Amino acid sequence: MSTTTIEKPLKNKSKEVLNFSKKQYLKWYKDMLLMRKIEERIGHLYIQQKFGGFCHLYIGQEAVVAGTASACAKEDKHITAYRDHAHPIALGVHPKYMVAELYGKKTGMSKGKGGSMHMFNKEVNLMGGHGIVGAQIPMGAGIAFADQYKGNKGVTYCSFGDGAARQGALHETFNMAMMWKLPVVFIIENNNYAMGTSVKRTTNVEDMSEIGKSYHMPSFVVDGMSVEAVHNAIEEASQRARDGEGPTLLDIRTYRYKGHSMSDPQKYRTKDEVEDFKDKDPVSQVLDTIMSNKLASESDIKKIQQDVKDLVDESIKFAEESPELEPHELYEDVYMQKDYPFIKD
Amino acid sequence: MAEIVRMPKLSDTMTEGVVAEWHKKVGDNIESGELLAEIETDKATMEFESFQEGVLLHIGVQKGDTAPVDSILAILGEKGEDIAKLLEEEKSTNAKVDEKEIEKPDRNKS
Ligand SMILES: Cc1ncc(C[n+]2csc(CCOP(=O)(O)OP(=O)(O)O)c2C)c(N)n1
Ligand SMILES: [Mg+2]
């Protein structure tokens, strides 16, 4: 399987036999550029206080979600952590609904009640954005269990960080997922840091694919800066799940260029480290492939870049002009059980 | 058109910032993404990259000084542009905001 590790840079692009169509490369480029550009603006809007709450940017990690989205089927389901602005874009949701959600507007993906960390969309089966580190691991397996139980065809892609991978719930989940051969793909979006703590400082097992192996779960290390490598790994893992062979663990090695959240002074890493990863930038890699294989002309690329810029502007305008929630809406979409037995006053 | 660069909110709880360092001086050309200043927040000293472009025409907060979030950190624009009007406008809108603030009921009491 094409799970090149990040240590091996891709070389001789022009001599490469392309395994994907021109259409696929152009889609990857447009989607990933849109993720990148819209998040750059989101960062600026945040420090100008256009919206509040938290804000965790995905910049640098785009290939992970883009490669997952291109390899999945329509009926598949997705669940992730709070670093979730790019997931809706990859799954084909218009970015204006994501930006409106950041602004807490009525038109937002989660009706303005979720904010940055809680992007949901039923049509594309995006089961959130979750703020509790690692909570989506058992939840993701639960979604897969529901599909298996009901005889549905879908596969669940459950993404979580390298930090989240150290939560205890992972072990119970992995055990059950293997026992029951659940149709789930566990994706570690391994950006090497949990806030400011590097993988090295938290474990003596730095190769996270080892975690899955102790449950005999097929587990692989994947180059997360290459959208092709991610796509291939996801495709193989999905096939296993669809064939009833159960879960796969992918330790996808990626990198975030920006801080953990907006208030991270990033003293735990050097600027050189960030620059080194930029040499393998996932968006530039796709553009290089397009240009060196003459899949598009310069004017085609300029047009994509302009379209992306227009989409970003349109999305921000939409969010800014959208209505606020009405006070009574505060009491809607709230779960209430009259005889709830645990909290009594 | 000259543009105001405001004191950014670089942490969730930041209300004011100290300029720890200026990386540009008046007259310098600034590209989007370039390091403009280092700002000390309530939590840490953070690098502040400009997301606007232009020539640095005015520095609103000197190194070592403190200013509230949203106040004028700098003004960027074209070389030789007159910024007096921009500063004047800012003063008058601030005065209006202050008036409004007085009329508002005290939020913390309700
Ligand atoms: C249960 C829980 N513990 C702690 C936190 C605080 N917290 C938020 S993000 C984070 C780091 C998680 O890092 P990682 O899983 O690697 O994800 P990344 O941010 O790198 O995408 C921590 C500890 C939390 N949100 N939930
Ligand atoms: Mg991480």
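A brief structural summary. Quantities reported herein were computed from a predicted structural model and do not represent experimental measurements.

Basis of the calculations
- Residues numbered from 1 in each chain as written.
- Chains lettered and ligands numbered in written order.
- Predicted model: local features only at pLDDT ≥ 70, side-chain atom pairs only at ≥ 80, totals over all residues.
- Heavy atoms only, no water.
- 1 Å grid on protein atoms, 1.4 Å probe; cavity = no way out; pocket = protein on both sides within 12 Å on 5 of 7 lines; lining within 4 Å.
- Points joined across faces, edges and corners; volume = space filled by probe spheres on them.
- Helix = DSSP H or I, 4+ residues; strand = E, 2+ residues; numbered from the N terminus.
- Buried < 20%, exposed > 50% of the residue type's maximum accessible area, 1.4 Å probe, protein only.
- Nonpolar A, V, L, I, M, F, W, Y, C, P; charged D, E, K, R; others polar.
- Axes fitted to C-alpha atoms, helices over the stretch in contact; angles between N-to-C directions.
- Parallel < 35°, antiparallel > 145°, perpendicular 65-115°, else oblique.
- Left-handed = near helix turned anticlockwise from the far one by under 90°.
- Contact = heavy atoms within 4.5 Å.
- Near = heavy atom within 4 Å.
- Polar contact = N/O pair within 3.5 Å; in protein donor to acceptor, adjacent residues only side chain to side chain.
- Areas by Shrake-Rupley, 256 points an atom, 1.4 Å probe, with all protein chains shown as cover.
- Lys, Arg positive; Asp, Glu negative; His and termini not counted.
- Salt bridge = Lys/Arg side-chain N within 4 Å of Asp/Glu carboxyl O.
- Pairing = 2+ DSSP bridges.
- Expected span 1.5 Å × (residues − 1).

The next point concerns empty space enclosed by the protein. All names here are of chain A. Counted by the stated rule, this structure contains one cavity of 30 Å³ or more. Counted as a void, the largest cavity has a volume near 80 Å³. For the largest cavity, the lining is made up of 14 residues, of which Val65, Thr68, His78, His87 and Ser159 are closest to its centre. Among the secondary structure elements, those contributing two or more residues to the lining of the largest cavity are α2 (62–71), β1 (77–79), β2 (156–161) and β3 (184–190). The leading source of residues in the lining of the largest cavity is α2, at four residues.

All names here are of chain A. Residue position: Thr197 is located in strand β5 (residues 197–198). Judged by relative accessible area, which is 29%, Thr197 ranks as partly exposed. In this structure the C-alpha to C-alpha distance between Thr197 and Ala241, which are 44 residues apart in sequence, comes to 33 Å.

Take the layout of surface pockets next. Here the largest pocket defines a volume of roughly 1600 Å³. Together, 47 residues line the largest pocket, and A:Glu40, A:His44, A:Lys258, B:Gly33 and B:Glu49 are the ones closest to its centre. Counting only elements with at least two residues in the lining of the largest pocket, the list comes to α1 (22–47), α10 (271–278) and α12 (298–321) of chain A together with β4 (35–40) and β5 (45–49) of chain B. At nine residues, the largest contribution of residues to the lining of the largest pocket is made by α1(A). Residues that form the lining of the largest pocket fall into these classes: 15 nonpolar, 14 polar and 18 charged. Empty space within the second largest pocket amounts to approximately 610 Å³. In terms of lining residues, the second largest pocket is bounded by 36 residues, among which A:His56, A:Tyr82, A:Arg83, A:Met195 and A:His260 are the most central. Broken down by secondary-structure element, the contributors of at least two residues to the lining of the second largest pocket are β2 and β4 (193–194) of chain A. Here the lining of the second largest pocket is built from residues that sort into 16 nonpolar, 14 polar and six charged.

For any two helices packed against each other, the geometry is given by the interaxial angle and the distance between the axes. All names here are of chain A. Two elements in contact, helix α5 (residues 136–150) and helix α6 (residues 169–179), have axes whose closest approach is 8 Å; the angle formed by their N-to-C orientations is 20°. The angle between α5 and α6 places the two elements in the roughly parallel class. Note that α5 runs across α6; the crossing there is left-handed. Facing Ile137, Pro138 and Ala141 of α5, the residues of α6 in contact are Ala169, Leu170 and Thr173. Residues that form the contact of α5 with α6 fall into these classes: five nonpolar, one polar and no charged.

All names here are of chain A. What surrounds ligand 1 is a group of 15 residues, the closest being Tyr82, Arg83, Gly163, Ala164 and Asn191. The backbone of Val133 places a nitrogen or oxygen atom 3.1 Å from a nitrogen atom of ligand 1. Gly163 is positioned such that a nitrogen or oxygen atom in its backbone is 2.8 Å from an oxygen atom of ligand 1. Coverage of ligand 1 by the protein chains reaches 71% of its 590 Å² of free accessible surface.

So, about the side chain of A:Arg256. All names here are of chain A. The residue Arg256 is located in the loop between β7 (248–253) and α10 in this model. The side chain of Arg256 sits in the buried core without any salt bridge; Asp264 is the nearest counter-charge, 4.2 Å away. Contacts of Arg256, omitting those with residues within four sequence positions, involve Ile59, Gln61, Arg83, Asn191, Tyr193, Met195, Asp264, Tyr268 and Arg269.

This part is about the pairing of strand β6 (residues 54–59) of chain B. Residues and elements named next belong to chain B. The buried count for β6 comes to five of six residues, which makes it a mostly enclosed element. Where strand β3 (residues 29–30) and β6 come together, two bridges link them in antiparallel fashion. Bridge pairing in β6 places Asn29 opposite Val55. As judged from the four bridges shared by β6 and strand β8 (residues 72–77), these two strands associate in the antiparallel manner. Pairing of His58 across the sheet is with Ile75, part of β8.

Turning our attention to α1(A). Spanning 26 residues, α1(A) covers 38 Å between terminal C-alpha atoms, matching the ideal 38 Å at 1.5 Å per step. Positive backbone phi, at 60°, marks A:Gln49, one or two positions downstream of α1(A).

The strand order across the open sheet built from four strands is β1-β8-β6-β3 (chain B), with neighbouring strands paired in antiparallel fashion. For this open sheet the edge positions go to β1 (3–6) and β3 of chain B, each flanked by a neighbour on one side alone.

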